[in-house]
Every structure is written in structure tokens, then in C-alpha cells.
Amino acid sequence: MSVLTHQESLVRRAPEGTTDVRVPPRPRRPEARRPPTRARVVAGRRPGPVAACPRRVAPRWPWLAAVGVAIALAVTGLGVFAGSFAPDVPERTATVAVAPGETLWDLARQYAPGSDTGAVVERIEELNQLPAESVVPGLLLTVPVESGSVITGP
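Residues numbered from 1 in each chain as written. Predicted model: local features only at pLDDT ≥ 70, side-chain atom pairs only at ≥ 80, totals over all residues. Heavy atoms only, no water.

## What about unusual backbone geometry?
Basically, it comes down to this: Under the DSSP-based scheme used, a helix requires at least four consecutive residues in state H or I and a strand at least two consecutive residues in state E, with every element numbered from the N terminus.
In the Ramachandran plot, Q129 falls in the positive-phi region, its phi being about 50° despite a non-glycine side chain. Mapped onto the secondary structure, Q129 falls in the loop between helix 3 (117-128) and strand 5 (140-144).

Here's what the structure looks like:
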């Protein structure tokens, strides 16, 4: 089969024994999307000027890694300094009796309210050589006491 071009339509030559058939031309397909920096290739034509695009700057990975390490060191340093600003566990101690339903955390809040409660509980366990689970009512314990707190007798 051969195709002849005519101004108005395409003519197909049909095989022997059949009549000619006129077929309307196909609509042109739109051009495929391409980046503006890529030249348009058309047979028989020279490529036109390429659109100027700003040059993309590659990231500086060593610089970004250094900034990340600096931020990590700053956060770590702030954490270390924040621990040094916490109030210390009082050195003064007193002997107190444990009331029913009272825990080491309650004693730490009551007798050393301005200090870190967790550190005071650890100090109570260290002074009395006992784990937190072995606290029973009536047990006498040595606890750190701030100078301004009121001490009640057993």
C-alpha cells in the first residue's frame, strides 16, 4: 500500500480490484514535554537557540555535615550545663518514720522540696542501703533535709 499526499486529504491506493478510498488526515499529536534546555529536534531544520536557565548549585555536603555536628554539640553542651544548674541534694540528714501509704518519693518531696526528687530518692536508698520496694510503715529512715523544712518527730 502506498500513500500519496494531496492538499486536502490523503489518498490510499487500494489493492487491485477495489476502488480508491479517501481518508481524512489524522490530527497532529502534541509535542512531547521536554525541558526548556533541550533542543527541539526536527528533521531538516537547524536547532534554534536554547533557553538560558540559571545554573543549579550543588549542595556542599561537608559544610552541611559540619553544621549538623555543631548543632549536636550545642544541644549536648546545653544538656550538660542544665544538669549543673539543678539544686543539689542537701547534706544535712534527719531520721524519720515512714507513715502508712508513704513512699520514698513522698519523703523526698516533703523533706527536700527544692531539690531534684529523683536524686533525693537515690540518696535515701544509698544512706539506708535499701531498694525502693522494701519501704514499710513505721520503718526509720535517714533522709536528706533542707535547712528550712519542718522535721516532725516519730
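The discussion continues.
## Examining the pattern of salt bridges
Applicable threshold: Salt-bridge detection follows one rule: a side-chain nitrogen of Lys or Arg within 4 Å of a carboxyl oxygen of Asp or Glu. Burial status follows relative accessibility: with a 1.4 Å probe on protein chains alone, a residue under 20% of its type maximum counts as buried, one over 50% as exposed, and anything between as partly exposed.
Taken as a whole and assessed by the stated rule, the structure comprises 2 salt bridges. For D106, the salt bridge identified is with R109, shortest N-O distance 3.3 Å. A residue pair is termed a helical-turn pair when its members lie 3 or 4 positions apart in one helix, as D106 and R109 do in helix 2 (residues 104-111) at 3 residues. The partly exposed category is assigned to D106, whose relative accessible area is 29%. When the shortest N-O distance is used, the salt bridge between E126 and R123 registers 2.9 Å. Remark: R123 and E126 occur in helix 3; sequence separation between them is 3 residues, near one turn of the helix.

## Things to note about helix 3
Quick reminder of the rule: Helix span, as expected, comes to 1.5 Å for every residue beyond the first. Directions pointing from the helix axis toward each C-beta atom define the arc.
Taking 1.5 Å per residue, 12 residues should reach 16 Å; helix 3 reaches 17 Å between its end C-alpha atoms and fits that length. Where helix 3 is concerned, the buried positions are T117, G118, V120, V121, I124 and N128. Along helix 3, the residues classed as buried sweep out an arc of 165° about the axis, all on the same side. Turned more than 90 degrees away from the buried face of helix 3 sit E122 and E126, all of them exposed. In the segment just after helix 3, Q129 is the residue with positive phi, at about 50°.

## Quick word on helix 2
What counts here: Any two residues whose heavy atoms approach within 4.5 Å at even a single point are treated as in contact.
Inspection of helix 2 places L104, L107, A108 and Y111 among the buried residues, and these make up the whole buried set. Seen from one end, helix 2 has its buried residues packed into an arc of 100°, which puts them on one side. As for helix 2, its buried residues are in contact with strand 4 (93-97), helix 3 and strand 5.

## Concerning a nonpolar patch on the surface
Formally: Patch criteria: residues need more than 30% relative accessible area and no salt bridge. Like-charged residues are merged within 9 Å; nonpolar side chains of Val, Leu, Ile, Met, Phe, Trp and Tyr are merged within 5 Å. Note on areas: Shrake-Rupley, 1.4 Å probe, and residue coverage restricted to the protein chains presented here.
Residues W61, W63, L64, V67, I71 and V75 make up a contiguous nonpolar surface patch of roughly 690 Å² in combined accessible area. On the secondary structure map, I71 appears in helix 1 (residues 61-84).

## Examining the environment of E102
Spelled out, the test is: Under this definition, polar contacts are N or O atom pairs within 3.5 Å; protein pairs additionally need one hydrogen-donor-capable and one acceptor-capable atom, and for neighbouring residues in sequence, both atoms have to be side-chain atoms.
Among the secondary structure elements, E102 is positioned in the loop between strand 4 and helix 2. For the pair formed by E102 and P137, sequence separation is 35 residues and the distance between their alpha carbons is 7.6 Å. Within the structure, the side chain of E102 is placed 3.0 Å from the backbone nitrogen of A99, a separation counted as a polar contact.

In short, shape yes, function no, at least from these values alone.
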